[in-house]
Amino acid sequence: MTESLSSPDARIPPGDGGPDCDYCGNRRYVLDAQGSLKPCPQCGVAQTWKVRAVDAYSSRNGAALTQTFFNFKTVFHGKEDEFLRDCLDSAEQFANEPDHRWLVLWGRRGNGKTHLCAAVANHLVNAGVAALFITMPDLLAALRQAMDLQTNTEQESYSGRLRTFKSAPILILDDLGAEGNSDWSDAVLFEVLDYRYRNRLPTMIVTNCALEAFDPRIASRMQDTAVSMVIEDNAPDFRQRPLEERDRATVHTDRE
Ligand SMILES: [Zn+2]
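Residues numbered from 1 in each chain as written. Predicted model: local features only at pLDDT ≥ 70, side-chain atom pairs only at ≥ 80, totals over all residues. Heavy atoms only, no water.

**Notes on a nonpolar patch on the surface**
A contiguous nonpolar surface patch, about 450 Å² in accessible area, is contributed by Tyr29, Leu31, Leu37 and Trp49. Residue Trp49 is classed as partly exposed on the basis of its relative accessible area of 41%. (Patch = residues over 30% accessible without salt bridge, like charges linked within 9 Å, V, L, I, M, F, W, Y side chains within 5 Å. Areas by Shrake-Rupley, 256 points an atom, 1.4 Å probe, with all protein chains shown as cover. Salt bridge = Lys/Arg side-chain N within 4 Å of Asp/Glu carboxyl O. Buried < 20%, exposed > 50% of the residue type's maximum accessible area, 1.4 Å probe, protein only.)

Below is the structure:
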């Protein structure tokens, strides 16, 4: 950003964080032959707008903005934890080469996986990739809100939002299964994941629920190893963990 300030050609300072662009003079749009405005083809503004449009629904906020691969802790109870290490490695791999891939992190351990969702999203969004990090409850809430919204914009409508979730260039879906089950939420989840599966759109899924608890059509897509890498927590020492480190979804494993 420092070079843009020192450029003598910057008629408008690039205050939007975009590049300093001679082609559009940092206006970010140009006139086409018909005299209509279109995004400047030189400074990648169409991509920036796409990133923002997708990020508008994001659960990426507050502490999540500071979560990176670097500050993710793989040490658990004083020693390196294999599952957390696998989660970190696979998340980093996914963030670096997301094309056509799915990554499913399935385990019962507290907040670590959410940290990785945020780290992947931050990595991609900072690189200018339109990645959407959203929890399943937030995704459903956004759709429910659209039902009540009186809107004339297609983008903001129920179908417009659903299309955003289905077709986001990269989707990072956290807390799958935390939404509780209804026919409607199951149908939404299936529509989103089936579309992404058929189109091989990069998708990261994090869940505390056993894959068997999902609609078999959804579970089979998540487990298709041709597309999806599944990292699973099999830690046998789960019951020995302090209570505050366990989470709600795992009550059934607490039997002595
Ligand atoms: Zn430009």
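**Topic: the sheet that holds strand S9 (residues 228–232)**
Spatially, S6-S7-S8-S5-S9 is the arrangement adopted by the five strands of the open sheet, whose pairing is parallel. Looking at strand neighbours, the two that pair on one side only are strand S6 (131–135) and S9, the edges of this open sheet. Averaged over all neighbouring strand pairs, the angle between strand axes comes to 10°, with direction disregarded. Relative to strand S8 (residues 203–207), strand S7 (residues 170–176) runs parallel, the two being bridged by four bridges. If you follow Ile172 over to S8, its bridge partner there is Met204. (Pairing = 2+ DSSP bridges. Helix = DSSP H or I, 4+ residues; strand = E, 2+ residues; numbered from the N terminus. Axes fitted to C-alpha atoms, helices over the stretch in contact; angles between N-to-C directions.)

**What to know about the coordination of the zinc ion**
Protein ligation of the zinc ion involves Cys21 (SG), Cys24 (SG), Cys40 (SG) and Cys43 (SG), the donor distances falling in the range 2.2 to 2.5 Å. Geometry at the zinc ion is tetrahedral, judged from the four donor atoms that bind it and their angles of 98 to 116° at the metal. Within one chain, the residues serving as donors to the zinc ion are arranged as C-x2-C-x15-C-x2-C. A single burial state applies to Cys21 and to Cys24, both of which are buried. (Donors = N, O, S within 2.8 Å, 3.2 Å for Na, K, Ca; no water. Tetrahedral: all angles 85-135°; square planar, octahedral: opposite > 155°, others 65-115°.)

**Side note on the packing of helix H6 (residues 158–167) against helix H7 (residues 183–198)**
When two helices pack together, their arrangement is given by the angle between the helix axes and by the axis-to-axis distance. H7 packs onto H6 with a crossing angle of 50° between their chain directions and a minimal axis gap of 8 Å. Between H6 and H7, the interaxial angle falls into the category oblique. In the packing of H6 onto H7, the handedness of the crossing is right-handed. Contacts between H6 and H7 involve Tyr158, Leu162, Phe165, Lys166 and Ser167 on the former and, on the latter, Trp184, Val188, Glu191, Val192, Tyr195 and Arg196. Here the contact of H6 with H7 is composed, by residue class, of seven nonpolar, one polar and three charged. (Parallel < 35°, antiparallel > 145°, perpendicular 65-115°, else oblique. Left-handed = near helix turned anticlockwise from the far one by under 90°. Contact = heavy atoms within 4.5 Å. Nonpolar A, V, L, I, M, F, W, Y, C, P; charged D, E, K, R; others polar.)

**With respect to helix H5 (residues 136–148)**
In an α-helix, one turn spans 3.6 residues; hence positions three or four apart end up facing the same way. The terminal C-alpha atoms of H5, which comprises 13 residues, lie 19 Å apart, in line with the 18 Å expected from a rise of 1.5 Å per residue. All buried positions along H5 are accounted for by Met136, Leu139, Leu140, Ala142, Leu143 and Ala146. The arc that holds every buried residue of H5, seen down its axis, measures 155°, which confines them to one face. For H5, the secondary structure elements touched by its buried residues are S6, H6, S7 and H7. The backbone nitrogen of Asp138 lies 3.0 Å from a side-chain oxygen of the residue at the head of H5, namely Thr135. (Expected span 1.5 Å × (residues − 1). Arc of directions from axis to C-beta. Polar contact = N/O pair within 3.5 Å; in protein donor to acceptor, adjacent residues only side chain to side chain.)

**Some words on the side chain of Ser228**
Here Ser228 shows up in strand S9. Engagement of the side chain of Ser228 in a polar contact is seen with the backbone oxygen of Met222, the distance being 2.7 Å. Filtering out sequence-adjacent residues up to four positions away, Ser228 remains in contact with Trp102, Val104, Arg221 and Met222.

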